[in-house]
Amino acid sequence: MAKGNSKKGKSIKGLATSGIEIVSLSNVDQAPVVSERIQRSKEWVFFGDDNLYPNKVIRLADNSALHASIVEIKARMVAGNGFVFSGNQIEEAEKFMKDAIGSDFLHRVSTDLAMFTAFYLNVQYNRGGEIDTITPLDYSFVRSGKMDHVTRKVASYWMSTRWDIATRKHAYSPEDMIYKPIEILAFDPKMFRDKTSKENGQLIVSKKYSPGKLFYSDVSYRGAINWIEIAGQISSFHKAQLENGMTGNVHIHINSDLTDDKKRKQMLQALNDQYTGSKNAGRIFLTYGVGDANKVELTPLSDTGTHQALSSLSDNVNQEIISAHGMPKQLVGVDVKAGLGGLQLREAIEMFQEIQIQPLQNQLTGVINDILKFNDIDAEVKISPLQPATFILDTELMKLTHTVDEARELANSQALVDENGKPDENGSKLLIEVENGSRDTDSTDSGSESKS
């Protein structure tokens, strides 16, 4: 190797001046990682290095259909069939909750719980010091204040609808004032007459314990974050391939002198616009040099089975995402031909309800029960769980995996019987046989409805 080539950057510069250019068109995003950073100039604690961790978590769901579906199902299961009350003052508790919360309360809180395993409630007091209004705040809108070095508690929080603007702002123009963070005191009944409390209420914070975190909590599916990112990149690759006319890697040789930086950049930009679209699904290899002919050569390069590899990878990605959420595969339409019977599938869903959903429901009802107790209302609240049939009774899924009796079992209905009270033969057949007309159910349906 020549002595001059040992210097850093010398060989790369030599390649460029010799007429070899490699344009990398990849665009890789880093998976979001929870970090807590304190700056003296800011009143709040950064949530993530750029203070936008919750926004990145939301984008995970935007870029993965499977992950978004799982979050939605979990949110529905957390919300269940609504609140049910018990105790000596059930009517008072029902009236208080009806007056204190909005119609979308459960949907908003359960969505935050499913996505972030945490939620914020803004509470307002009446003149007597009782809580009379409970409003959920979008989890991505709130940042924690700093911890007092004496009490070891956070005294206030800050809310903004655009932390991408508020984080870098020091002075606000009139049109940006709506994004200026608003201080909300932490829940403290002794401060209910404070001016800030009267104007902005107080904040109840409910978050899951995360080791090493003082101010924020991590998502429950953190083990699958990289896999969810990969799912989004696979989707972007295939979309880019379609936009690019299914063009893969390309080698282009131009018999021209492109040593001039300005001229070369113009050429690269033109090639980029023509072959890559908005997202890139490959690389362009450009070489140039002055020759006798002035001919442009374009040589497609083999993708070496990229599509097949990505299809296999996609299956692994789906498995990892589902495993991280702890959800039965059949519940999200993956591997529905596995052949689980009705009872087995029901047991799987009930286990998911007990292990994954019930703790989130308890997290919410625990806060509501504390509020009821604070207002001296002798009652407790729980969330009525959804029945497994709510999710399982999908026509296509049931046709493939369940008999009539299994479907009725999941719906808490009795098995079909004939006029003599014996199990009807249709009950042992798949629903698809009934639907396509190979089984006549008229005689059995009339008899079963009266006995179900």
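Rules of the game
Here the residue numbering is sequential within each chain, running from 1 through the sequence in written order. This being a predicted model, a pLDDT of at least 70 is required before a residue's local features are given, and a value of 80 or more before pairs of side-chain atoms are given or counted; all residues contribute to the totals for chains, interfaces and linings. The side-chain quantities take in all heavy atoms of the structure and omit both hydrogens and water. Each helix is a run of H or I in the DSSP string that is no shorter than four residues. Each strand is a run of E no shorter than two, and both are numbered from the N terminus. Accessibility here uses a 1.4 Å probe with only protein chains present; expressed as a share of the type maximum, an area under 20% marks a residue as buried, one over 50% as exposed, and anything in between as partly exposed. Contacts are assigned to residue pairs that have any heavy atoms within 4.5 Å of one another. All accessible-area figures derive from a Shrake-Rupley calculation using a 1.4 Å probe, and residue coverage is judged against the displayed protein chains alone. Aromatic contacts are taken between Phe, Tyr and Trp rings whose centres are within 6.5 Å, Trp giving its six-membered ring; a plane angle under 30 degrees counts as stacked, one over 60 as edge-to-face, and the others as tilted. When DSSP finds two or more bridges between a pair of strands, those strands are recorded as paired. Whenever a helix is involved, its axis is fitted only over the stretch in contact; in every case the axis is a line through C-alpha atoms, and angles between N-to-C directions fall within 0 to 180 degrees. Take a side-chain nitrogen of Lys or Arg and a carboxyl oxygen of Asp or Glu: if they are within 4 Å of each other, that pair is a salt bridge. Only protein atoms enter the 1 Å grid used here. Points where a 1.4 Å probe fits but cannot escape make up a cavity, open sets with protein on both sides within 12 Å along at least five of seven lines make up a pocket, and a residue lines them when an atom lies within 4 Å of a point. Grid points are joined across faces, edges and corners, and a volume is the space filled by probe spheres set on the points. Each direction from the helix axis to a C-beta atom contributes to the arc, which is the arc of those directions. The nonpolar core is taken to be a set of buried Ala, Val, Leu, Ile, Met, Phe, Trp, Tyr and Cys residues, with the residues joined through side-chain atoms within 4.5 Å. Given a helix with a known number of residues, its expected span is that number minus one, times 1.5 Å.

Asker: How would you explain the overall build of the protein if you had to name every residue and give the values?
Answerer: Regarding its fold elements, the protein presents 16 helices and 14 strands. When each of the 452 residues of the protein is scored for burial, the buried share is 40%. Considering only residue pairs separated by 6 or more positions, the protein has 68% of its internal contacts joining residues 24 or more positions apart. When the accessible surface of the protein is summed, it comes to about 25,400 Å², and 50% of that surface belongs to carbon and sulfur atoms.

Asker: Which residues make up the packing of aromatic side chains, and what are the values?
Answerer: Enumeration over the complete set of coordinates arrives at twelve aromatic pairs. For the ring pair Phe47 and Tyr216, a centre distance of 3.8 Å and an interplane angle of 5° mean the geometry is stacked. Taken as a pair, Phe47 in strand β3 (residues 45-47) and Tyr216 in the loop between β10 (202-207) and α8 (225-243) lie far apart in primary sequence, 169 residues in all. Like Phe47, the residue Tyr216 is buried in the burial classification. An aromatic cluster of three or more residues is present, and its members are Phe47, Tyr53, Phe116, Tyr120, Tyr139, Tyr157 and Tyr216.

Asker: Please provide a residue-by-residue account of the pairing of β10, values included.
Answerer: As defined by bridge partners, strand β5 (residues 118-125) adjoins β10 across six bridges and the pair is classed as antiparallel. Note on β10: the bridge partner recorded for Leu121 is Ile204. When strand β9 (residues 182-186) meets β10, the two strands line up parallel, connected through two bridges. Of the residues in β10, the one forming a bridge with Leu185 is Gln202.

Asker: Tell me about the sheet that holds β10, and name the residues and values.
Answerer: With mixed pairing, the six strands of this open sheet are ordered in space as β6-β5-β10-β9-β8-β7. A strand with exactly one partner marks an edge of an open sheet, and here the two such strands are β6 (131-137) and β7 (142-144). Neighbour-to-neighbour, the strand axes of the sheet open up by a mean angle of 40°, direction not taken into account. Examined bridge by bridge, β7 and strand β8 (residues 156-159) share three bridges and lie antiparallel to one another. Residue Ser144 lies in a different strand from β8, and its bridge partner there is Tyr157.

Asker: Would you mind going over the pattern of salt bridges in detail, with residue names and values included?
Answerer: Counting across every chain of the model gives four salt bridges. Across the pair Asp176 and Lys169 runs a salt bridge whose closest N-O atoms are separated by 3.0 Å. Judged by relative accessible area, Lys169 falls into the partly exposed class, the value being 22%.

Asker: Provide a residue-level description of the layout of surface pockets, including the pertinent values.
Answerer: In this structure, the second largest pocket spans a volume of roughly 260 Å³. For the second largest pocket, the lining is made up of 15 residues, of which Arg152, Lys153, Val154, Ala155 and Tyr157 are closest to its centre.

Asker: Could you give me a rundown of helix α2 (residues 53-63), with the residues and numbers involved?
Answerer: Of all the positions in α2, only Tyr53, Pro54, Val57, Leu60 and Ala61 are classed as buried. One face of α2 carries all of its buried residues, which in axial projection span an arc of 105°.

Asker: Please set out unusual backbone geometry residue by residue, giving values where relevant.
Answerer: Notably, Thr117 is not glycine yet its phi reads approximately 60°, a positive angle. Mapping Thr117 onto the fold places it in the loop between α5 (105-116) and β5.

Asker: With reference to specific residues and values, describe the nonpolar core.
Answerer: In globular proteins that are soluble, nonpolar side chains generally tend to be buried together. Judged by nonpolar contacts, the single largest core of 76 residues is most densely connected at Phe83, Phe96, Phe105, Leu121, Ile134 and Leu364. Take this core: its biggest share by element is ten residues, from helix α11 (residues 342-374). Phe105 has contacts with Phe83, Leu121, Ile134, Pro136, Leu364 and Ile368, leaving out every residue within four places of it along the chain. Counting residues in each nonpolar core, the second largest holds seven residues, with Trp44, Trp158, Trp163 and Ala166 among its members.

Asker: I'd like a description of α5, backed by residues and values.
Answerer: With twelve residues, α5 should cover 16 Å at 1.5 Å per step; its first-to-last C-alpha distance of 16 Å lies within 8% of that length. Of all twelve residues in α5, nine are buried, a share of seventy percent or more. Turning to α5, its buried residues number three or more, namely Phe105, Leu106, Val109, Ser110, Asp112, Leu113, Ala114, Met115 and Phe116. After α5 finishes, the residue Thr117 shows a positive phi value of roughly 60°.

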